[in-house]
Amino acid sequence: MSPESIPAVSHRGLRLTGVAAVALAALVVFVGITTRKMADARLREWTETQAVPVVAVAVPDTRGNRTSLDIPGRLEAYSQAQIYSRVAGYLKEWKADIGTPVKAGQLLAEIDAPDLDQQIMQAQAGVASATANANLSNATLQRGQSLVQSGAVSKQDLDQRSADFANKSGLVKSAQANLDMLRVLEKYKRLVAPFVGLVTARSTDVVALISAGGNGAPLFVVSDTGKLRVYVNVPQNYVPSIKMGTKAQISVPEYPGRNFSAIVEASARSVDFASGTTRMQLVVDNASGELMTGAFANVRLELPHPEVAINVPASALIFDQGGLRVATIGPDNRVVLKPVTIARDLGKVVEIATGLAAEDRVIESPPDGIAQGDLVRIAGAPGSPLEAEAASSKQTPSKPPG
């Protein structure tokens, strides 16, 4: 190669190198711009996806929910008699203490009533005196009747004798009635059980002063504990659901884990304005004597329930200026707000009366501000962006692309 050809070759190489460098730079710029546009597109798509709320959806449960009402109650004897004395005196002796089973007519105690005894003696003397006077008046009348024909006794005198006898006869009846009354009171010196039951209280003792009448505490209390009454106060809104004959379960603290069957027997059919409750009476069998009168009890009433009902979580309810509504999802994944009415509030679950169908897809916990027609994503739906996001989040924390 001649010396003259060396500069020409060098110039061509430099030109080729320059062209290659420019092409490479252009390629880098093109790739960078394209990559940036793709990243911007992915970012916009990610942002739009994140702007669509993700909601959990459930189809309403259509099974009827068995519900019960737990309320406190008080056990009382089916029949209870408070025994007072009808006569004044001193307690001579008592025959039955607390906890003693008694039969009808069984002697509980005897009262010594000396004042009554004296009154009876006086009444007996009064009857004897009145009877003697009546007998004398009758004899006088008989003699007058035999002499009136002869004229020894005038007609007027005979009438007076007849009136006197009638008066004396009335005094006999009055004295006898007074004696009979005291004889009746005398029977009350014996305090007896009015029916088969249990002595649940005794507030007297030997030689205690007894006053006549119902002042103060009763001397004895006899309770029929073969059956017990259970009184409960039922909230007003549950009263229509509890019919006569409704079954209940009763539990008491002294028998943990045990239940006793009871049945609703009566209702006051009125609402107490102070508590807003209705008093109801249940009856429980206590032939074994395990339950005690006056004891606290927890009463569980089984409420009637429909066989088929539409139930949604309580969190699905929306209450705003539009009223009570439930958010459902239409076929296009857009929100449809449906007005509803509640049949029963069961706590975590609400039984819907109207407004929903069994096939509706209900949003379990609608986000704040959700509106009619809003686009939402269903959590866990096949092919949803959420699944891809969840898969990627297992590897790296979720962050915007780019």
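Enquirer: Whenever I open this one, the overall build of the protein confuses me. Can you help?
Expert: Looking only at helices and strands, the protein has 4 helices and 23 strands in total. Within the protein, the fraction of its 402 residues that count as buried is 29%. Accessible area for the protein stands at about 24300 Å²; split by element, carbon and sulfur atoms hold 57% of it.

Enquirer: Hey, could you run me through the confidence of the model for the protein in this one?
Expert: Low-pLDDT portions of the prediction should not be read for the details of their coordinates. Per-residue pLDDT for the protein has a mean of 83; in total, 85% of the residues score no lower than 70. This stretch, residues 383–398, has a pLDDT under 50; its non-local contacts, to residues over four places away or in other chains, come to 14 contacts.

Enquirer: I would appreciate a short explanation of the pairing of strand β11 (residues 220–235) in the present structure.
Expert: In regular strands, side chains alternate between the two faces of the sheet. Judged from the 10 bridges that link them, strand β4 (residues 67–83) and β11 form a sheet pairing that is antiparallel. Bridge pairing in β11 links Ala81 to Val222. Of the strand pairs in this sheet, strand β9 (residues 197–202) and β11 are connected by 4 bridges, and their pairing is antiparallel. Bridging across to β11, Arg202 finds its partner in Phe220.

Enquirer: How should I be thinking about the packing of aromatic side chains in this particular structure?
Expert: The relation between two aromatic rings is expressed through the spacing of the ring centres and the mutual angle of the planes. The tally for this structure, following the rule as stated, stands at 1 aromatic pair. Aromatic side chains Tyr255 and Phe260 sit 6.0 Å apart centroid to centroid with 65 degrees between the ring planes, which places their arrangement in the edge-to-face category. The residue whose ring lies beneath Arg86 is Tyr188, and the NZ or CZ to ring-centre distance is 5.0 Å. Positioned above the aromatic ring of Tyr78, the side-chain terminus of Arg229 is 3.9 Å from the ring centre.

Enquirer: Just to check I follow, could you spell out the packing of helix α2 (residues 114–147) against helix α3 (residues 155–187) for this structure?
Expert: How two helices pack is summed up by the angle between their axes together with the distance between the axes. Contact pair α2 / α3: the axes reach a minimum separation of 8 Å and the direction vectors enclose 160 degrees. One element, α2, and the other, α3, form an angle in the roughly antiparallel class. For the pair α2 and α3, the sense of crossing is left-handed. Grouping the amino acids of the contact of α2 with α3 by side-chain chemistry returns 15 nonpolar, 14 polar and 7 charged.

Enquirer: Explain the side chain of Lys168 to me, please; I cannot follow it from the model alone.
Expert: Looking at the element boundaries, Lys168 is found in helix α3. A polar contact is formed between the side chain of Lys168 and the side chain of Asp164, at a distance of 2.8 Å. Those residues within four positions of Lys168 in sequence are excluded, and the remaining contacts are Ala130, Asn133, Ala134 and Ser137.

Calculation criteria
Residues numbered from 1 in each chain as written. Predicted model: local features only at pLDDT ≥ 70, side-chain atom pairs only at ≥ 80, totals over all residues. Heavy atoms only, no water. Helix = DSSP H or I, 4+ residues; strand = E, 2+ residues; numbered from the N terminus. Buried < 20%, exposed > 50% of the residue type's maximum accessible area, 1.4 Å probe, protein only. Areas by Shrake-Rupley, 256 points an atom, 1.4 Å probe, with all protein chains shown as cover. pLDDT = per-residue confidence, 0-100. Contact = heavy atoms within 4.5 Å. Pairing = 2+ DSSP bridges. Phe/Tyr/Trp six-rings, centres within 6.5 Å; stacked < 30°, edge-to-face > 60°. Lys NZ or Arg CZ within 6 Å of the ring centre and 35° of its normal. Axes fitted to C-alpha atoms, helices over the stretch in contact; angles between N-to-C directions. Parallel < 35°, antiparallel > 145°, perpendicular 65-115°, else oblique. Left-handed = near helix turned anticlockwise from the far one by under 90°. Nonpolar A, V, L, I, M, F, W, Y, C, P; charged D, E, K, R; others polar. Polar contact = N/O pair within 3.5 Å; in protein donor to acceptor, adjacent residues only side chain to side chain.

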